[in-house]
Amino acid sequence: MSEVEETLERVKIQSGVEGYVIASHDGTVLRRFPSMSQELAEAYAESMKHLGKKSRNVVRDLDPKNELRYLRIRAKKHEVLVAFDPEFLVIIIQKWTPASA
């Protein structure tokens, strides 16, 4: 089993992980969580491709020597984690519940 396969297996068994998508920089889905539909995986890949491009531009506008590596988005029900690799995007979708006060 390759290092990538081992990492994906570890991600799959993490508590709260509801999906993942590995996509190329043009938004093509290369791998997805087994129970995730192709359509949903494509929607995440396309959305994160555009958001990543905009976020990268903001980071460079603020500091031309800086580079976006990681993006974390917390919504009401989910948290989306995006890692930007030179060759692909890694998108993790996990369940998020606020801590009780």
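Residues numbered from 1 in each chain as written. Predicted model: local features only at pLDDT ≥ 70, side-chain atom pairs only at ≥ 80, totals over all residues. Heavy atoms only, no water.

In the nomenclature of an unreviewed UniProt entry, the chain corresponds to Dynein light chain roadblock from the organism Triparma retinervis. The Subcellular location (unreviewed entry) comment attached to the chain in UniProt states, word for word, "Cytoplasm, Cytoskeleton". Regarding the chain, the UniProt comment filed under Function (unreviewed entry) reads as follows: "Acts as one of several non-catalytic accessory components of the cytoplasmic dynein 1 complex that are thought to be involved in linking dynein to cargos and to adapter proteins that regulate dynein function. Cytoplasmic dynein 1 acts as a motor for the intracellular retrograde motility of vesicles and organelles along microtubules." (UniProt positions renumbered as here; feature names shortened; annotations may be inferred.)

### A few points about the overall build of the chain
Along the backbone of the chain there are two helices and five strands. Beginning at the N terminus, the succession of helices and strands in the chain can be written as α-β-β-α-β-β-β. A principal-axis box enclosing the C-alpha atoms of the chain has dimensions of 40 × 40 × 25 Å. Looking at the chain as a whole, 31% of its 101 residues qualify as buried. In the chain, the proportion of contacts linking residues at least 24 apart, taken out of those at least 6 apart, comes to 35%. Accessible surface computed for the chain: about 7100 Å², of which carbon and sulfur atoms make up 53%. Looking at the chain, you have 16 positive and 15 negative side-chain charges, and the mean spots of the two groups are 6 Å apart. (Helix = DSSP H or I, 4+ residues; strand = E, 2+ residues; numbered from the N terminus. Buried < 20%, exposed > 50% of the residue type's maximum accessible area, 1.4 Å probe, protein only. Contact = heavy atoms within 4.5 Å. Areas by Shrake-Rupley, 256 points an atom, 1.4 Å probe, with all protein chains shown as cover. Lys, Arg positive; Asp, Glu negative; His and termini not counted. Charge placed at Lys NZ, Arg CZ, Asp CG, Glu CD.)

### What to know about the pattern of salt bridges
Following the criterion strictly, the structure yields four salt bridges and no others. The residue Glu67 makes a salt bridge to Arg69 at a minimum N-O spacing of 3.9 Å. Put simply, Arg72, Arg74 and Glu79 are held in one network by salt bridges that share partners. (Salt bridge = Lys/Arg side-chain N within 4 Å of Asp/Glu carboxyl O.)

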